[in-house]
Amino acid sequence: MDSIIIERLKTDADGNEITKNYNVSYELGTLVVSEISEEKDSNGENKLIPVMIQPWKCLPDGSRDNFADSQDAFDWFNEFKDQVI
Amino acid sequence: MAIITTNRPNRYIHAVYEDPRPSSARIYINEQGFVKNTLAAVVDSKISHSVSGQSLTDFGYPSVNAQAIGGTGTDTTTNWTGVLFLTGEITHVQNQFVGITDQRCNIDLTPFVSMDPNRRAKNHRWEYDASTGNNTIVTLYNEFYSHQTYYWEHRYNITGEIDTVGSRPTSLTQTANLYRNIWAVYRNPVSNNLIYCGAYLNSGTRNVPGSPYAFALNNIFSASASFNAGVDFTSQGMTHATQFIGVSIDTRAIFIRNNFTTDYDQIIYKYNDSLNTFTTLFTNSTTPTATGTNGGGNRAALFGGYAGKYSSSTFSDPTSAGNQGFYTPYFDVNGRYHPFFVQWNVSTDAFTRNNTTSVTYPGSNTMSTYWTVDQNMTTGVSVSYGAQRLWYNETFTNTVSSTTTRYITLFQLHGGGNSYDSDPKQRTFITYSMTTGTPTTLVYHSSVIIPLTPKNIVWLNDTRTTCGVFTHTAFYVYTFDATGVAGWVLTSTLPYQFNAVGRDSLNRIWATDVGPNQMGRVHLITPSVPATVSVVTAASSYNYAGSTINSTATVNAYDVNGVRLAVSVTLTVSGTSLVLVNSSSVQVTTLTVTTSTSADTTVNIAIIGAGNSNIITSVNV
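Since we're looking at a predicted model, the values are computed, not measured. For every chain, the first residue of its written sequence is number 1, and the numbers climb from 1 along that sequence. Throughout, the order in which chains and ligands are written sets their labels, letters from A for the former and numbers from 1 for the latter. Where totals are concerned, whole chains, interfaces and linings use all residues; where local detail is concerned, this predicted model gives features only for residues with pLDDT of at least 70, and gives and counts side-chain atom pairs only at 80 or more.

### Considerations on the environment of P22 of chain B
Residues and elements named next belong to chain B.
Point 1. Secondary structure elements follow DSSP: runs of H or I no shorter than four residues count as helices, runs of E no shorter than two count as strands, and numbering proceeds from the N terminus. Inspection of the secondary structure assignment puts P22 in the loop between β2 (16-18) and β3 (26-29).
Point 2. For P22, a count of 10 C-beta atoms within 10 Å corresponds to the exposed category.
Point 3. The sequence separation of P22 and I449 amounts to 427 residues, and the corresponding C-alpha distance is 40 Å. With C-beta atoms placed from the backbone, a residue is buried if 20 or more other C-beta atoms are within 10 Å of its own, exposed if 12 or fewer are, and partly exposed between those counts.

This is how it looks when you write it as structure tokens:
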């Protein structure tokens, strides 16, 4: 499984800008985006909270296509992350 | 129309609560129980919202926050007004401020937040699982002023009437700081989670709500039902509006997010309410190209740069058997309405956006002949976004002589009350007909000017052909002309500042206004009670020269839809110049007649002197 970490600027409920970190992983044709929680699991690792499970890439004209590989999936997500999360 | 009750005690309690269970025949006005269909009071029947059963517990409001017509708003309390908990669609309106840009003018999204004709947004609902026999009542109301709080009540597996000790709520919760208002749209029968569409709110001005949330009340068939966090679209809260499109064949709910700042950026996603995740089904941020009458491009801020845009209900796609479609507002570079026709393949959940290529008007007319944009939409960010003003298009059908035509009406709404009063084109609803079999070709059909700024609407029938329009000083009822000629026709004007109108399970229409005691007043606008009684004399004036003039007057009673009713009407003359003439040819000042469902009822009158006289009517119901 390939994965990358990205940082996103979000707005919290009080209207303040905050930074959230996401783990973006790719396996068997599916992209999974998870928020990296500050809460720890039993192994002392940051918990991952799944946000998006994406079995295809949506193209700008509204059509879909399968991910060619992990790089293709990560490229798609980086291009559209402002729209989808 | 009848005034049912005028509230006197200042108790924070709902105006009307209908028991949503088919097994119950109770309805509660304030807290008192009544038989639903007869409205006969039930002795020793009072609803309680106390979990412990030990106290009088607030839940909802009878009516507050109203502004005297023509007055200045001073009430800054933070709540809805005249809360109705009925099983049909209900729209609530805030009235305490008028003509200003303020979050207290925000619009209830109930009439359009669900695009599924079979799953309308209802925040007071009974859910039943036939496989287990479990049932639950989930009720909530939104507070639009602060957008920080809402109250919800959960009653799980109750057996007797709600007013009995054993049927207390499982929970009654005020949840603070959620920064969202929410509308329940669908129970997933597999997960038994109740799916909501929620409006995110900026914590500062709170007039910049997008509605990016899909989230769920989990495990509604348990005593511990609780809301999950919802999908995290916080960063788009100020730029997108969200609607519930419908349900996938895999039982998951599908939503559309529509960008406020352009008309051509839509995202459609499927919500997994079990995992609290989503999958993007569709994105399209491509600027349409010019084709036919569609100028394409980006209208930018010139024609309302920032507007919440709400799509139509879904309907059978005439170009793809078994699939669905809907219209999403788009205005081209010339500011002319050319909605997208979006197709939904229900087998694959693939969506395809099509440009409307032909929207035509009579002769040399254009859209600007009839309509103009709310110019407030073009100004700064703090007033540009928000649920105070929005565009919404809705579709419905009408059948004449076995020919069914699909229509699309474009609504422009402003919760501020009088913002459009000076410009009729801003308060005009335009209706188009869809060319049969060609959803991308629309033809202007008709337009109707609302007398005052339309603050919001409420659908008064399931087929979307009877529509109530809230304004600051009156409530108007429009019915789509069944002959297909005239379009939306005003059938009733109710001179009240209603703050809620909705339907119950018997299809009766209820309304609330502030009433003379400022504590709320409940109206029943039932179809069997006249909304309008007209008395029209044969001549508008008479020249009395000393001799009696015999003449006639016609009497008619109409329901809220403008349909004739047969009711007993008592006519009473006020003045000395006019008398009524009864069937024995005797001159009288009071006469009771029965109106007809098919024709005018004629009454003989006589002018017996000079001066003005009035005929006062009263209806026996």
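### Brief notes about the nonpolar core
In globular proteins that are soluble, nonpolar side chains generally tend to be buried together.
Residue and element names in this part refer to chain B.
Point 1. Counting residues in each nonpolar core, the largest one holds 135 residues, and the members touching the most others are V16, Y196 and F255.
Point 2. When neighbours within four sequence positions are excluded, V16 is seen to be in contact with I27, I29, L84, F85, L86, W510 and V522.
Point 3. A557, L565, L571 and L580 belong to the second largest nonpolar core, which has 14 residues in total. Nonpolar cores are identified as sets of buried Ala, Val, Leu, Ile, Met, Phe, Trp, Tyr and Cys residues joined via C-beta atoms within 7 Å. Contact between two residues is assigned whenever their backbone-derived C-beta positions fall within 7 Å.

### Quick notes on the sheet that holds strand β23 (residues 340-345) of chain B
Sheet strands associate in pairs through backbone hydrogen bonding, adopting either a parallel or an antiparallel arrangement.
Residues and elements named next belong to chain B.
Point 1. Strand order in the open sheet formed by 4 strands is β21-β22-β23-β24, with antiparallel pairing between adjacent strands. With one partner strand each, in any of the chains shown, β21 (315-316) and β24 (350-354) form the two edges of the open sheet.
Point 2. Note on pairing: DSSP must find at least two bridges between two strands before they are called paired. Bridging between strand β22 (residues 324-328) and β23 involves 5 bridges; their strand directions are antiparallel. Note that in β23 the partner of G325 across the bridge is Q343.

### Focus: the confidence of the model for chain B
Residue and element names in this part refer to chain B.
Point 1. Confidence of the predictor at the level of single residues is given by pLDDT, which spans 0 to 100. On average, residues of chain B score 86 in pLDDT, and 87% of them are at 70 or above.
Point 2. Between residues 66-80, whose pLDDT stays under 50, and residues either more than four places distant or in other chains, the model counts 35 contacts.
Point 3. Confidence metrics for the complex model read pTM 0.89 and ipTM 0.90.

### Quick word on the domain arrangement of chain B
All names here are of chain B.
Point 1. For the domain bounds, the source is a domain assignment made automatically or taken from a database. Taken domain by domain, chain B comprises domain 1 (2-524) and domain 2 (532-620).
Point 2. In this complex, domain 1 contributes 7 residues to the contact, which on the side of domain 2 involves 4 residues.
Point 3. Those elements that place two or more of their residues in the side of domain 1 that touches domain 2 are β32 (475-480) and β33 (488-494).
Point 4. Counting residues per element, the side of domain 1 that touches domain 2 draws most heavily on β33, which supplies 3 residues.
Point 5. Among the residues making up the side of domain 1 that touches domain 2, the classes are represented as 3 nonpolar, 4 polar and no charged. Ten residues, namely Ala, Val, Leu, Ile, Met, Phe, Trp, Tyr, Cys and Pro, are considered nonpolar, four, namely Asp, Glu, Lys and Arg, are considered charged, and the remaining ones, Gly among them, are considered polar.

### Observations concerning the pairing of strand β4 (residues 46-54) of chain A
All names here are of chain A.
Point 1. Here strand β3 (residues 30-40) pairs with β4 via 7 bridges, running antiparallel. Residue V33 lies in a different strand from β4, and its bridge partner there is M52.
Point 2. Connecting the antiparallel pair β3 and β4 is a turn made up of 5 residues, with G44 showing a positive phi of about 80 degrees.

### Some remarks on the pairing of strand β2 (residues 17-27) of chain A
All names here are of chain A.
Point 1. With 6 bridges joining them, β2 and β3 adopt antiparallel strand pairing. Across the sheet, the residue bridging to N23 is S34, located in β3.
Point 2. In textbook terms, the turn of a hairpin is the stretch between consecutive antiparallel strands, and for β2 and β3 this stretch comprises 2 residues, one of which, L28, has a positive phi near 50 degrees.

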